[in-house]
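Chain by chain, the residues run as shown.
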2 protein chains.
Amino acid sequence: MASVRSLGSPASDELDLPQPYLLFLGDTTEPGYAKTAFGLRDWAGDKCVGEFALPSATVTTGLPRLSPREAKAAGAQALVIGVANSGGFIADAWLAALVEALEAGLDIISGMHARLGDLPALRDAAAKSGRQLIDVRRPPARIPIATGLKRGGNRLLTVGTDCALGKKYTALAIARALRKRGIDSDFRATGQTGIMIAGRGIPLDAVVADFAAGAAEMLSPEAADDHWDVIEGQGSLLHPAFAGVSLSLLQGSQADVFVVCHDPSRERLLGDEAFAVPSVEEIIDLTIILGSRTNPAIRLGGVSFNTASLDADEARQLMEQESLRLGVPVADPMRGGSEFERLVDSCVR
Amino acid sequence: MASVRSLGSPASDELDLPQPYLLFLGDTTEPGYAKTAFGLRDWAGDKCVGEFALPSATVTTGLPRLSPREAKAAGAQALVIGVANSGGFIADAWLAALVEALEAGLDIISGMHARLGDLPALRDAAAKSGRQLIDVRRPPARIPIATGLKRGGNRLLTVGTDCALGKKYTALAIARALRKRGIDSDFRATGQTGIMIAGRGIPLDAVVADFAAGAAEMLSPEAADDHWDVIEGQGSLLHPAFAGVSLSLLQGSQADVFVVCHDPSRERLLGDEAFAVPSVEEIIDLTIILGSRTNPAIRLGGVSFNTASLDADEARQLMEQESLRLGVPVADPMRGGSEFERLVDSCVR
């Protein structure tokens with residue numbers, strides 16, 4: 001019998017996923033849609049044995065290319081769907097490959113909106129092979145309506161000018177930097193990849209809209225005065241599809257400090273070319289106006305640039321210039337260095 | 001056998017609810033929570049035979065008080081749960097009364113988040129009595145992610161300084177005024193009561209957060225250049241629990257015109273006393289900033305005051321004064337009159 005697991009019960013905040021993983025890339029040609037695969041490679045690399053993709057895919061993680069059978073032989077326990085198209089559905093073109101993985105003895109872990117068990121082909125193959133179909137994008141049961149009431153402890157939220165440009169990486173890097181400094185802190189995951197990395201969290205964009213701010217309150221509960229929650233942001237306050245999610249997360253998080261994440265090379269929204277990427281200043285202003293409703297003391301900690309498309313000198317120059325202009329540290333957490341340490345200083349001062 | 005119906009399939013945009021109704025008031029003592037009962041009385045009075053409440057209730061619609069058996073004898077086909085507590089759940093204290101209604105031969109219609117069929121007591125009683133349990137707060141299947149792309153036709157959205165202060169009434173009154181003027185228009189319902197009145201709509205707060213703006217796009221589709229959709233607003237951009245819903249609705253609606261709804265006698269948020277009601281100006285400014293992302297031409301049509309707590313002279317004086325101060329018509333749609341006609345003029349000019 002197939003067993004269908006989900007993050008659906010209040011007791012299952014802590015995940016216990018079958019590991020290590022084989023990362024599935026589908027037929028993806030747009031690197032921005034392979035966030036989950038890249039995130040797992042970069043932040044949970046010890047849990048990934050390789051990657052598996054359809055012939056038409058052009059995206060790669062650089063990990064060894066393995067068939068499901070080879071991955072199983074190398075110790076893999078589960079195939080993770082490492083890509084997310086807009087809308088979060090499981091493409092028909094992927095089904096044969098996913099069935100192949102089940103038949104090779106791998107469980108399947110998905111962070112998509114669609115439920116694995118709703119697809120008859122997967123349900124049948126899982127039943128036949130005795131494998132598990134695991135959906136991590138199910139919110140907990142019994143999320144309360146947000147109260148807006150202040151909780152103890154400190155909260156840092158990453159916000160963005162668009163989707164898929166570094167909010168999760170920035171939060172993970174800041175949480176790691178705080179731990180290195182001996183500051184008691186938790187990374188709080190709000191998306192499927194973050195949840196797979198952290199082993200826990202709430203998939204905020206899968207929560208029913210009325211409860212989204214309540215879910216954000218639940219995610220970073222009352223804590224000691226010297227504790228920091230570093231919360232993974234979602235979407236953008238100026239994204240035409242996802243602004244509501246971003247606002248719920250901001251108000252429910254009651255962020256004391258926020259860090260704006262931006263990709264200076266991106267001019268149009270990813271997947272929605274009709275819209276220009278807003279400026280960092282627009283997002284700063286909006287975040288303060290809207291965030292101060294539940295935390296009047298909200299302040300900007302700094303700006304995180306995704307400079308993957310620039311060389312080291314260009315990146316340094318641009319960030320210095322922007323730091324002078326904006327009056328706060330601007331750093332790329334993936335490049336680290338003293339400017340990133342200054343950003344962290346500014347956040348926790 | 002009990003039959004459990006829902007608004008879950010794409011084909012069920014049009015409801016065909018069993019009518020007339022008996023309005024159930026539960027044990028409600030706070031009139032603000034009886035929006036559904038009042039809305040049906042005021043806008044679909046010909047479909048309501050009476051009300052039914054627990055002894056501890058103090059709220060009344062003024063309709064005849066009937067037991068389920070009496071209501072059935074008077075022609076009622078269904079009991080409508082006419083109250084909504086914060087969180088939208090079905091209170092244990094209501095169960096015996098709901099079972100009594102099923103046994104008396106009435107179907108039950110609910111707009112709560114909780115599913116009627118999830119409660120064993122109701123499921124069993126419905127099965128025994130052969131009645132239907134109908135949840136109208138289920139969003140349609142296959143809602144797309146919002147694109148933000150402009151659609152033909154004109155859209156008016158009511159927005160608010162808080163919940164439960166007149167956004168639905170204002171939209172219904174404006175839609176009725178437009179029809180009287182011979183302007184082709186539709187009232188677009190986004191909440192359970194509006195859906196029960198209109199017979200169709202999308203329960204926006206029940207949509208998964210990622211799809212909420214897409215649901216708003218779906219709700220007011222491409223239309224002729226001279227057509228108006230008058231869209232029922234939800235929540236408030238400065239409500240600590242529901243701002244995300246309000247923002248998704250604003251951006252997905254791509255409102256050409258908005259009307260701010262306000263209750264001048266209310267100082268604290270309903271059900272969240274820790275928060276002051278924001279000013280009308282704050283909501284105007286935020287609506288323009290955030291709404292212009294998907295419709296740069298967005299403009300304020302006027303302000304709708306809920307003056308139920310004032311006498312006619314006080315109300316007129318206050319609205320005149322506020323109209324001068326804000327530079328737009330301020331009217332109470334429930335009082336109507338020439339000022340309300342000027343508000344409608346200002347919206348469609």
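Calculation notes
Residues numbered from 1 in each chain as written. Chains lettered and ligands numbered in written order. Predicted model: local features only at pLDDT ≥ 70, side-chain atom pairs only at ≥ 80, totals over all residues. Helix = DSSP H or I, 4+ residues; strand = E, 2+ residues; numbered from the N terminus. Rg over C-alpha atoms; globule rule 2.2 N^0.38 Å. Buried ≥ 20, exposed ≤ 12 C-beta atoms within 10 Å, placed from the backbone. Pairing = 2+ DSSP bridges. Contact = placed C-beta atoms within 7 Å. Axes fitted to C-alpha atoms, helices over the stretch in contact; angles between N-to-C directions. Right-handed = clockwise from strand over helix to strand, strands pointing away. Nonpolar A, V, L, I, M, F, W, Y, C, P; charged D, E, K, R; others polar. Least-squares fit on C-alpha atoms with pLDDT ≥ 70 in both. Domains from an automatic or database assignment.

Draft legend 1. Region of interest: the overall build of chain A. Secondary structure summary: chain A contains eleven helices and 14 strands in total. Computed over the C-alpha atoms, the radius of gyration of chain A is 20 Å, within 12% of the 20 Å expected from 2.2 N^0.38 for a compact globule of 349 residues. With respect to the three principal axes, the spread of C-alpha positions in chain A is 60 × 45 × 45 Å. Buried residues in chain A amount to 56% of all 349 residues.

Draft legend 2. The arrangement of the sheet that holds strand β10 (residues 257–262) of chain A in detail. Residues and elements named next belong to chain A. Taken together, the six strands give an open sheet; going across it, the order is β8-β9-β7-β10-β13-β14, and neighbouring strands pair in parallel fashion. The sheet is open, and its two edges are formed by β8 (185–188) and β14 (330–331), each paired on a single side. One ladder, built from six bridges, connects β10 with strand β13 (residues 299–305); its direction is parallel. Bridge pairing in β13 places Phe 258 opposite Leu 300. Across the sheet, helix α8 (residues 243–253) lies against β7 (154–160) and β9 (228–231), angled at about 165° from β7, the strand it touches most.

Draft legend 3. Quick peek at the pairing of strand β2 (residues 21–24) of chain A. Residues and elements named next belong to chain A. Burial along β2 is two-sided: Tyr 21 and Leu 23 and Leu 22 and Phe 24, pointing in opposite directions, are all buried. Looking at chain direction, β2 and strand β3 (residues 48–52) are connected through four bridges and run parallel. Bridging from a neighbouring strand, Phe 24 pairs with Phe 52 of β3. Crossover handedness for the path β2 to helix α1 (residues 35–43) to β3: right-handed. Two elements, β2 and strand β4 (residues 78–81), share four bridges in a ladder whose sense is parallel. Within β4, the position partnered with Phe 24 by the bridge is Ile 81.

Draft legend 4. Summary view of the interface of chain A and chain B. Listed per partner, the contact involves 33 residues of chain A and 33 residues of chain B. Those elements that provide at least two residues to the side of chain A that touches chain B are α7 (212–219), α8 and β12 (272–276) of chain A. Ranked by residue count, the leading element in the side of chain A that touches chain B is α8 of chain A, at six residues. Of the residues contributing to the side of chain A that touches chain B, the split by class is 19 nonpolar, ten polar and four charged.

Draft legend 5. How the structure looks around the relation of the copies chain A and chain B. For these two chains of identical sequence, chain A goes onto chain B by a turn of 180° and a shift of 0.0 Å along the axis, with RMSD 0.0 Å. The superposition of one copy onto the other is thereby described by a two-fold rotation axis. An overlap of 100% is found between the interface residues of chain A and their copies at the interface of chain B, pointing to a shared contact surface.

Draft legend 6. Fine view of α1 of chain A. Residue and element names in this part refer to chain A. Most of α1 is tucked away, with seven of its nine residues classed as buried. Those residues of α1 not exposed but buried are Lys 35, Thr 36, Ala 37, Phe 38, Gly 39, Leu 40 and Trp 43. For α1, the elements touching its buried residues are β2, β3, β4, α5 (167–180) and α6 (192–198).

Draft legend 7. Looking closely at the environment of Arg 179 of chain A. On the secondary structure map, Arg 179 of chain A appears in helix α5. Separated by 137 residues in sequence, Arg 179 of chain A and Asp 42 of chain A place their C-alpha atoms 18 Å apart.

Draft legend 8. Quick peek at the domain arrangement of chain A. All names here are of chain A. Partitioning chain A into domains gives domain 1 (3–135) and domain 2 (154–348). Spacing between the C-alpha centres of domain 1 and domain 2 amounts to 27 Å. Of the residues lining the interface, 15 residues belong to domain 1; the matching set on domain 2 comes to 13 residues. Among the elements that take part in the side of domain 1 that touches domain 2, α1 stands out by supplying five residues, more than any other. Its residues assigned to classes, the side of domain 1 that touches domain 2 shows six nonpolar, six polar and three charged.

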